[in-house]
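# Fold and geometry: a report
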Amino acid sequence: MQSFVVMQGQTYQEEKELGMIWSRKQADDGSLPHSWLRVSEVQEGDRIFHYVKGDIVAISVAKTGCQSAPRPTSMPDEEDGYLVGLDYHELEFPINIRSTFEVLLPFMPIKYAPFQEDGSGNQGYLYPCNDELAMKLIELISNLNIYRIDKEQLELAMSPVRQIERNMLIPTLAETETAVKTKIRLGKQQFGQGVFPLWDQTCALCEVALPELLRASYSKPWKDSTDVEQVDSYNGVLLCYNHHALYENGLIAFDGQGRLHISSRIPEEKYEIYSIRPKMKIARKEANKPYFKWHKRHLFNK
């Protein structure tokens, strides 16, 4: 199961009533924007969060995979486009992205993020929504639309409670949360099981070999990785907890040859405390190289 964020604006009401999303196959200049082409990636069962004028207003489930079809309106386009049929579940209380962006920011990918740094939506149509971002959006939606206790309910007005219980939003959120949690748990478990033997069960930078003190550290984080990269053992390096924290926060990095680079934020007189020294070299594999280079380019704090 994949998740997406669709930017609808004025098209939301019409597309909701028709139970679908649709995009053209190419622009007037013959180009194909990535956010249009991405509609072709949607498969049956995928989840889509609907962004309209600053808010997440609905979550939907794909009833079909992508099909080639004209826009199903009273004035359809002459050319075929990408169409996906959806079951929409509108939120009683929309999620305002700007007001919640601080908690969403850690899960924003570097590439193809649906939202800008100020919390506004990016231009385009359909964006990928990585598993961790999807989990946080589900949490925000649930807190506001399911776990919220209204005064009427406290006064034993039971009809609103029954209405919520009948709403298909609840099982949709529950099923989505379970599926995403399971994918993350199994994926990270598979990743870790592959990383440990690649590094001989020992921290790449020091001699710590106690399993309880070791972490399989991602070079390219889960939120930025493809499904394949998320479980690729070469996307990781085995580090003790101290070195893991330095690596995860971009205070150290490795180049394509496996040489250590140290952030200027760490004073030289502290190197010994952290058991690091400039140009230390680790026994990296060739398949580690592109991941190390990505980490150094995007996450390293020089």
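Look above for the structure.
Below: a short report on this structure. (Residues numbered from 1 in each chain as written. Predicted model: local features only at pLDDT ≥ 70, side-chain atom pairs only at ≥ 80, totals over all residues. Heavy atoms only, no water.)

The next subject is unusual backbone geometry. Even without being glycine, Asp-200 reaches a positive phi, approximately 55°. Mapped onto the elements of the fold, Asp-200 is located in the loop between α7 (169-198) and β8 (214-218). Here Gln-201, not a glycine, exhibits a phi torsion of approximately 60°, which is positive. Relative to the elements of secondary structure, Gln-201 occurs in the loop between α7 and β8. (Helix = DSSP H or I, 4+ residues; strand = E, 2+ residues; numbered from the N terminus.)

Among the five residues of strand β1 (residues 3-7), five are classified as buried, and the element is accordingly described as predominantly covered. Here β1 pairs with strand β3 (residues 47-52) via five bridges, running parallel. Paired with Val-5 across the bridge in β3 is Phe-49. Bridge analysis of β1 against strand β7 (residues 126-128) gives three bridges, and the strand direction is antiparallel. (Buried < 20%, exposed > 50% of the residue type's maximum accessible area, 1.4 Å probe, protein only. Pairing = 2+ DSSP bridges.)

Our focus in this paragraph is helix α10 (residues 289-298). Every buried residue of α10 is listed here: Tyr-291, Phe-292, Trp-294 and His-295. Buried residues in α10, looked at end-on, bunch into an arc of 160°, giving them a common side. Across from the buried face of α10, at angles greater than 90 degrees, the exposed residues are Pro-290 and Arg-297. On its buried side, α10 packs onto α8 (227-230), β9 (236-240), α9 (241-248) and β10 (252-254). (Arc of directions from axis to C-beta. Contact = heavy atoms within 4.5 Å.)

This model, assessed by the stated rule, comprises six aromatic pairs. Where Phe-254 meets Phe-292, the ring centres are 5.3 Å apart and the plane angle is 40°; that geometry is what we call tilted. Remark: Phe-292 occurs in helix α10 and Phe-254 occurs in strand β10; sequence separation between them is 38 residues. We classify Phe-292 as buried; its relative accessible area is 0%. Through successive ring pairs, a cluster of aromatic residues spans Phe-191, Tyr-218 and Trp-222. (Phe/Tyr/Trp six-rings, centres within 6.5 Å; stacked < 30°, edge-to-face > 60°.)

This part covers the nonpolar core. Counting 32 residues, the largest nonpolar core has Trp-199, Leu-205, Val-237, Phe-254, Leu-260 and Ile-276 as its most contacted members. Listed by contribution, the elements that provide at least two residues to this core are α7, β8, β9, α9, β10 and β11 (260-262). Sorting elements by how many residues they give to this core places α7 first, with six residues. In contact with Leu-260, other than residues within four places in its own chain, are Leu-205, Ile-252, Ala-253, Phe-254, Ile-276, Arg-277, Pro-278, Lys-279 and Met-280. Core analysis: the next-biggest nonpolar cluster, separate from the first, contains 24 residues, Ile-59, Phe-101, Phe-115 and Leu-173 among them. (Core = buried A, V, L, I, M, F, W, Y, C linked by side-chain atoms within 4.5 Å.)

With the rule as written, the count across this model stands at 14 salt bridges. Ionic pairing is found between Glu-177 and Lys-181, a salt bridge with its closest N-O pair at 3.5 Å. Placement of the pair is Glu-177 and Lys-181 together in helix α7, with a separation of four residues, close to one helical turn. Given a relative accessible area of 28%, Glu-177 falls into the partly exposed group. Using a relative accessible area of 45% as the deciding quantity, one classes Lys-181 as partly exposed. (Salt bridge = Lys/Arg side-chain N within 4 Å of Asp/Glu carboxyl O.)

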